[in-house]
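Single-letter residue listing:
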Amino acid sequence: MSDTIERVKCLIIGSGPAGYTAAIYASRADLKPVMYTGMEPGGQLTTTTEVDNFPGYPQGIDGPKMMMDLQEQAERFGTEVRIGMITEVDFSKQVGGIHKACVDNSKWIEAESVIISTGATAKYLGLPSEQRLRGGGVSACAVCDGFFYKGQDVAIVGGGDTAAEEATYLANICNKVTMLVRKDYMKASKAMQHRVENTKNIDLRYNTEVDEILGEQVVEGLRMVNNQTGEKEEIPITGFFVAIGHKPNTDIFKDWLDMDGTGYVITQPKSTKTNIPGVFASGDVQDKIYRQAVTAAGTGCMAALDAERYLAEIETEEDIQKPQTRPETV
């Protein structure tokens with residue numbers, strides 16, 4: 001472990017739309033932010049072939065290219081982007097305290113403010129065919145990618161509120177939606193269940209699991225299996241959506257930050273402030289409802305503004321507490 005400890009004004013943990021937007025605003029506010037990108041620089045959008053719903057790209061844009069654009073913009077204003085993983089933190093609970101973060105288990109860095117933008121990771125089934133076809137018809141976000149399957153037959157797996165909501169969303173634009181629920185009941189709320197059951201072009205299959213997603217380069221079909229009878233069936237589809245939940249990337253913060261039962265960071269209403277002074281959370285790490293690039297970017301902006309105001313208040317308080325010296329009189 002290195003004995004040299006670097007001090008920065010604003011540390012941004014994680015990249016993606018939230019982190020890069022926070023970096024743009026923080027650097028323009030002269031906070032001289034340092035960003036550590038994490039294991040997946042650019043976040044979930046780096047696995048998306050085309051982003052069609054982010055403002056400012058009328059023709060759509062490739063996900064990785066969009067992240068490169070955001071990084072370039074952040075760096076243009078002075079953000080220092082570093083490849084590395086924050087593996088441990090030691091936050092101060094005092095207003096104006098110095099926070100510490102360990103990079104790759106080897107170096108500690110000190111920060112006057114911290115913006116957490118580590119995002120959330122979509123849960124997948126773990127099938128080799130599923131992993132192979134990610135970006136080729138397999139998606140974990142119907143709102144993001146459903147438009148590309150307008151008028152086509154698709155399938156979705158999941159039984160909770162998110163799955164039900166995304167199934168009905170897809171039903172509005174797709175020809176047919178086959179919905180696979182592993183158990184003999186849905187975990188979704190009664191209202192969402194009724195909505196699914198009353199949507200004519202949703203084919204609801206209970207006790208059904210995915211056996212294989214068919215296709216070499218793109219999704220061409222689905223082989224499903226009834227887990228009670230063992231009976232298998234193949235159907236033609238062009239899109240496959242996974243809606244079995246997300247895991248927020250918050251494990252290293254569990255001893256420090258207030259979180260809900262599933263690990264999402266709790267922030268103060270209409271704010272990105274956490275329970276630790278000077279530590280702010282933005283993007284999917286604190287948003288389990290919308291989970292869109294544009295909303296993540298919005299909270300990234302908020303986090304940078306919150307950090308700027310926090311540091312300004314600290315500096316003002318320090319100036320007030322400085323001892324006043326009177327000029328000598330002759």
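Everything below is about the structure shown above.
Note that the coordinates shown come from a computational prediction; the quantities given were computed from them, not determined experimentally.

A. Focus on the pattern of salt bridges. In the structure shown here, the tally under the stated rule is 17 salt bridges. Across the pair Lys32 and Asp30 runs a salt bridge whose closest N-O atoms are separated by 2.9 Å. Residue class for Lys32 comes out exposed when judged on its relative accessible area of 53%. Close ionic contact of Asp203 with Arg205 constitutes a salt bridge, the shortest N to O distance being 2.9 Å. The structure contains a network of salt bridges with shared partners spanning Glu6, Glu80, Arg82 and Lys107.

B. View of the nonpolar core. Ile12, Met66 and Ile115 are the most contacted members of the largest nonpolar core, which has 28 residues in total. Breaking this core down by element, the ones donating at least two residues are β1 (6-13), α1 (16-28), α2 (63-76) and α7 (293-321). Beyond its immediate stretch of four places on either side in the chain, Ile12 contacts Gly19, Ala22, Ala23, Pro33, Val34, Met35, Tyr36, Ile115 and Ser117.

C. Structural detail: a positive patch on the surface. On the surface, a cluster of positive charge is contributed by Lys123, Arg182, Lys183 and Lys187. Tracing the sequence through the fold places Lys123 in the loop between β7 (120-122) and α3 (128-132).

D. Looking closely at the state of the cysteines. This structure, assessed with the given rule, holds 1 disulfide. Across a sulfur-sulfur distance of 2.2 Å, Cys141 and Cys144 are joined as a disulfide pair. Judged by the sign of its S-S torsion, about 70°, the bond between Cys141 and Cys144 is right-handed. Cys10 forms no disulfide, and the closest cysteine sulfur to it belongs to Cys301, at a distance of 13 Å. You can see Cys174 has no disulfide; the closest cysteine sulfur is in Cys141, sitting 13 Å from it. Taking the relative accessible area as the measure of exposure, Cys174 reaches 6% and is therefore buried.

What counts as what
- Residues numbered from 1 in each chain as written.
- Predicted model: local features only at pLDDT ≥ 70, side-chain atom pairs only at ≥ 80, totals over all residues.
- Heavy atoms only, no water.
- Salt bridge = Lys/Arg side-chain N within 4 Å of Asp/Glu carboxyl O.
- Buried < 20%, exposed > 50% of the residue type's maximum accessible area, 1.4 Å probe, protein only.
- Core = buried A, V, L, I, M, F, W, Y, C linked by side-chain atoms within 4.5 Å.
- Helix = DSSP H or I, 4+ residues; strand = E, 2+ residues; numbered from the N terminus.
- Contact = heavy atoms within 4.5 Å.
- Patch = residues over 30% accessible without salt bridge, like charges linked within 9 Å, V, L, I, M, F, W, Y side chains within 5 Å.
- Areas by Shrake-Rupley, 256 points an atom, 1.4 Å probe, with all protein chains shown as cover.
- Lys, Arg positive; Asp, Glu negative; His and termini not counted.
- Charge placed at Lys NZ, Arg CZ, Asp CG, Glu CD.
- Disulfide = S-S within 2.5 Å.

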